[in-house]
Amino acid sequence: MDTKLAKNYTIIFLIILNLVLFILSFLLEEKYKITKERENTIVSYLEQENVKIYADLPKKYYPMPKISMKKTKNDDLVLQKIFFNNNENLIRTEKFEDTIFKQGEKTLKINNLFIYFQDLEKKDNFEYNKENCKKIAEEYKSLIQEVYGKMYLDRIIEQKDYFLVSYIQKVDNYKIFNNILNIKIYNNGEVDIYFNNYQKPDTISEKINICSSDEATYTFVKEIKNLIPDKEIYIRQVDLGYYLKDTEENISFSFTPYYRFYIKGEETPFYINAYTNTFEYEPVIVDTEEIF
């Protein structure tokens, strides 16, 4: 057989194979991508329902597996170094499953569910603005992520008397909605910090088809108007990630794909299960009086 001819046939075959793979990849990409027509349709629906949206919808909805993560074991000594400058006059108490440290106006509570820190020291001539509050939050975030891993800025919102700076962690570029760091900086310099963390993700299922963000938005709007019918709805943020629901019953810590929705005037997010396209609302509100 002519060696040169065989080589040419091989090159032609590889070119055709690459072309076929490219076409298949393109078709797969388009299959799980929202078209402009679908975007226009959901926007039109929102206008009809008098719902305003100030957020971009996730454009792609590739199949996603379930994952499992373990609850992080917190090190009391490490956390003391993060939140207290020294151990002078540091008082430690135990209350049920909680470990509480107190030093002056600062209080740190550690348990199996979350970490909560509060600094009630009012600061004279405190420079209360978005830039300074973000700077303070970044300092705390840098210390915490040295221990718990990289965190990404999720959102900054201004409320009546404080700025909320929120950070989140990711796995395979998907947000883990339970791995959050919420830092509130008040106009008098007081600080509240809420932190929750899971580690060591493990895939526990095959990739499963999920609904698209326009389908999830349709379901969300229909349900939210039933939940709060007399309130004007402004959607501020929509994203796709993993969420652990029912932590007390979900002993395997199985995380499922969800769409997360934030609306104006509500700190607590709303969720749409991306597998079933169903609305699920869990009012998780941190009450300082209940924590301490």
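Computed from a prediction, not measured in an experiment: that's the story for all the values here.

Student: Got a sec to walk through the overall build of the chain? Specific residues and values, please.
Tutor: The helix and strand tally for the chain stands at 6 helices and 15 strands. When burial is assessed residue by residue, the chain has 43% of its 292 residues classed as buried. Pairs at least 24 apart in sequence give 62% of the contacts found in the chain among residues at least 6 apart. Carbon and sulfur atoms make up 51% of the accessible area of the chain, which amounts to about 17300 Å² in all.

Student: Account for the pairing of strand β10 (residues 191-195), with residues named and values stated.
Tutor: Counting buried positions along β10 gives 5 out of 5 residues, so the element sits mostly inside the fold. Along β10, one buried face is formed by V191, I193 and F195 and the opposite face, lined by D192 and Y194, is buried too. As paired strands, strand β6 (residues 115-119) and β10 are joined by 5 bridges and run antiparallel to one another. Paired with F117 across the strands is I193, a residue of β10. The sheet contact formed by strand β9 (residues 174-186) and β10 spans 5 bridges and is antiparallel. Residue pairing across strands places L181 opposite F195, the latter belonging to β10. Turn length for the β9-β10 hairpin, with the two strands adjacent in sequence and antiparallel, is 4 residues, and the turn residue G189 shows positive phi of about 100°.

Student: I'd love a proper account of the nonpolar core, names of residues and values included.
Tutor: Ranked by internal contacts, the top residues of the largest apolar core, which has 34 residues, are F220, I235, F255, Y259 and F261. Of all the secondary-structure elements, those providing two or more residues to this core are α2 (36-48), β2 (67-71), α5 (213-227), β12 (233-243), β13 (254-263) and β14 (270-273). No other element matches β12, which puts 5 residues into this core. Ranked by size, the runner-up nonpolar core spans 27 residues in total, among them F84, F117, C133 and M151.

Student: Give a detailed account of the packing of aromatic side chains, specifying residues and quantitative values.
Tutor: Evaluation of the coordinates by the stated rule reveals 23 aromatic pairs. Judged by centre distance (6.2 Å) and plane angle (50°), the ring pair of F117 and Y140 falls under tilted. With F117 in strand β6 and Y140 in helix α4 (residues 130-148), this residue pair connects regions lying 23 residues apart in the sequence. For Y140, a relative accessible area of 15% translates into the label buried. Ring geometry for Y174 versus Y242: centroids 6.0 Å apart, planes at 85°, classification edge-to-face. Of this pair, Y174 sits in strand β9 while Y242 sits in strand β12, and the two are 68 residues apart along the sequence. Since its relative accessible area comes to 21%, Y174 is described here as partly exposed. Three or more aromatic residues joined by ring pairs form one cluster here, namely F83, F84, F117 and Y140. Positioned above the aromatic ring of Y262 is the side chain of R155, whose terminal nitrogen or guanidinium carbon lies 3.6 Å from the ring centre. Positioned above the aromatic ring of Y152 is the side chain of K170, whose terminal nitrogen or guanidinium carbon lies 4.5 Å from the ring centre.

Student: Give me the layout of surface pockets: which residues, what numbers.
Tutor: In this structure, the second largest pocket spans a volume of roughly 180 Å³. Taken together, 13 residues make up the lining of the second largest pocket; nearest its centre are P65, D172, Y174, K207 and Y242. Among the residues forming the lining of the second largest pocket, the class breakdown is 9 nonpolar, 1 polar and 3 charged.

Student: Explain the environment of K60 residue by residue, including any values.
Tutor: Residue placement: K60 occurs in the loop between β1 (51-53) and β2. Spatially, the C-alpha atoms of K60 and T35 are 9.8 Å apart, while their sequence positions differ by 25 residues.

Student: How would you sum up empty space enclosed by the protein? Please name residues and give values.
Tutor: Counted under the stated rule, the structure contains 1 cavity of 30 Å³ or more. The computed volume of the largest cavity comes to approximately 40 Å³. Lining the largest cavity are R155, I157, Q159, R236, Y262, I263, G265, E266 and E267. Residue assignment for the lining of the largest cavity shows that the elements contributing at least two residues are β7 (152-158) and β13.

Student: Tell me what's going on with the packing of α2 against α5, and back it up with residues and numbers.
Tutor: Relative orientation of the contacting elements α2 and α5 amounts to 10°, with a least axis distance of 10 Å. By the angle class used here, α2 and α5 are roughly parallel. On α5, the residues touching R38, I42, Y45 and L46 of α2 are D214, T217, Y218, V221 and K222. Residue composition of the contact of α2 with α5, by class: 5 nonpolar, 1 polar and 3 charged.

Rules and cut-offs
Residues numbered from 1 in each chain as written. Predicted model: local features only at pLDDT ≥ 70, side-chain atom pairs only at ≥ 80, totals over all residues. Heavy atoms only, no water. Helix = DSSP H or I, 4+ residues; strand = E, 2+ residues; numbered from the N terminus. Buried < 20%, exposed > 50% of the residue type's maximum accessible area, 1.4 Å probe, protein only. Contact = heavy atoms within 4.5 Å. Areas by Shrake-Rupley, 256 points an atom, 1.4 Å probe, with all protein chains shown as cover. Pairing = 2+ DSSP bridges. Core = buried A, V, L, I, M, F, W, Y, C linked by side-chain atoms within 4.5 Å. Phe/Tyr/Trp six-rings, centres within 6.5 Å; stacked < 30°, edge-to-face > 60°. Lys NZ or Arg CZ within 6 Å of the ring centre and 35° of its normal. 1 Å grid on protein atoms, 1.4 Å probe; cavity = no way out; pocket = protein on both sides within 12 Å on 5 of 7 lines; lining within 4 Å. Points joined across faces, edges and corners; volume = space filled by probe spheres on them. Nonpolar A, V, L, I, M, F, W, Y, C, P; charged D, E, K, R; others polar. Axes fitted to C-alpha atoms, helices over the stretch in contact; angles between N-to-C directions. Parallel < 35°, antiparallel > 145°, perpendicular 65-115°, else oblique.

Worth remembering: the numbers are spatial, not functional.
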